[in-house]
Amino acid sequence: RIQEKFMNSHFAIEQEARFKSGRLFNFNGSSGIWRKECIIDSGGWQEDTLAEDLDLSYRAQLKGWKFIFIKEPLSEAELPVSMAAFKQQQRRWIKGTIQVACKILPQILRSRLPLRIKLEAALHLTNYFVYFFSLLASISILPALIFRRNTPLQSTIIIDIFLFVFLTLSVFIYHACAQIAGYRRNLWKEFFFIPLLISFSMGMSVSNSWAILDTLLKRKSIFHRTPKFGSVHIFTNFGIIRRKIIMRNPVAYFEIFLGIYFCYTLIFTIRSSLYQSLLFLVLFITGFFYVGILSFFDFQPNPRPFFT
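Everything numeric in this text was worked out from a predicted model, so none of it was measured.

Student: I'm lost on the pattern of salt bridges in this one. Help?
Tutor: Should their charged atoms come close, side chains of opposite charge can pair. Enumeration according to the criterion identifies eleven salt bridges in this entry. A salt bridge links Lys-87 to Glu-255, with the shortest nitrogen-to-oxygen separation between them at 2.8 Å. Taken together, the residues Lys-87 in helix 4 (residues 83–110) and Glu-255 in helix 11 (residues 250–271) connect sequence positions 168 residues apart. Residue class for Glu-255 comes out buried when judged on its relative accessible area of 0%. The partner of Lys-95 in a salt bridge is Asp-214, and the shortest N-O contact between them spans 2.5 Å. Of the two residues, Lys-95 sits in helix 4 while Asp-214 sits in helix 10 (residues 205–216), which places them 119 residues apart along the sequence. A residue is classified by how much of its surface remains accessible, and Asp-214, at 14% relative accessible area, is buried. One network of salt bridges, in which partners are shared, links Asp-48, Asp-55, Arg-59 and Lys-103.

Student: Quick question: what am I supposed to make of the confidence of the model for the protein chain here?
Tutor: Do not read the predicted coordinates in detail wherever pLDDT is low. Of the residues in the protein chain, 87% have a pLDDT of 70 or more, and the chain-wide mean is 83. Below a pLDDT of 50 lies the segment residues 302–308, which in the model reaches twelve contacts outside its immediate sequence neighbourhood of four places, other chains included.

Quick notes on the rules
- Residues numbered from 1 in each chain as written.
- Predicted model: local features only at pLDDT ≥ 70, side-chain atom pairs only at ≥ 80, totals over all residues.
- Heavy atoms only, no water.
- Salt bridge = Lys/Arg side-chain N within 4 Å of Asp/Glu carboxyl O.
- Helix = DSSP H or I, 4+ residues; strand = E, 2+ residues; numbered from the N terminus.
- Buried < 20%, exposed > 50% of the residue type's maximum accessible area, 1.4 Å probe, protein only.
- pLDDT = per-residue confidence, 0-100.
- Contact = heavy atoms within 4.5 Å.

Here's what the structure looks like:
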């Protein structure tokens, strides 16, 4: 359900807004049609990045080709059914996007495009760095609380409330608008998942930051396809558990360590009467434990799927 919110927001808000405002946007491999002449004129598919569709999209638009985003008809697609598969997908997207930024961004900045288009393209191709900065900010919360332990509550609570609202309200509105645009029947039920989505995003910051650093160090990567099981129902592939392979992943251990770290920070916060930080800590604890623990379970399809 959380993955669905991410995808809905991308299509209903990001792609729609970029198209209608004349910005550059990317072809989505899940559903789309290319003109052969456009592909050839733009240099064809190239394998020097892990996001070959994003790479070709920008090269085509720099050549003068126009993309059209159409919301209807809908094209259904299968989402990853395990945390390991989702992380693998996210790592490929992140590494590919940063590789495209290093390759294409200089051409965009040197082009004759309007400044507003250049700026949005730069933000689009570098937006994944928010995970890295979010991780650094979250880890620094304990030193900040220790430093402010003897500071009067009245002098900091206004700043803390402002920061919490500023950092979360915009994200909430962004995803809420996507749900409204999707003509959901029970919007309140859908809105309930948005705080979980924010917490989940924080939990993913370790894995995604590792992908960012791996890309900046220019380590070669293999294109790992996201496992697909042909699910037509949420309970179709309620699977068995493989522990031995997943247990070797050090990222999951660090995510759980951060969950413990923020539990200690929560205790310190309560004992120091710094209650204004509790909302942040609840989001951090929930996100890191959820992502970390679920990373140890890799669900595989049953030979005899059942339905409910």
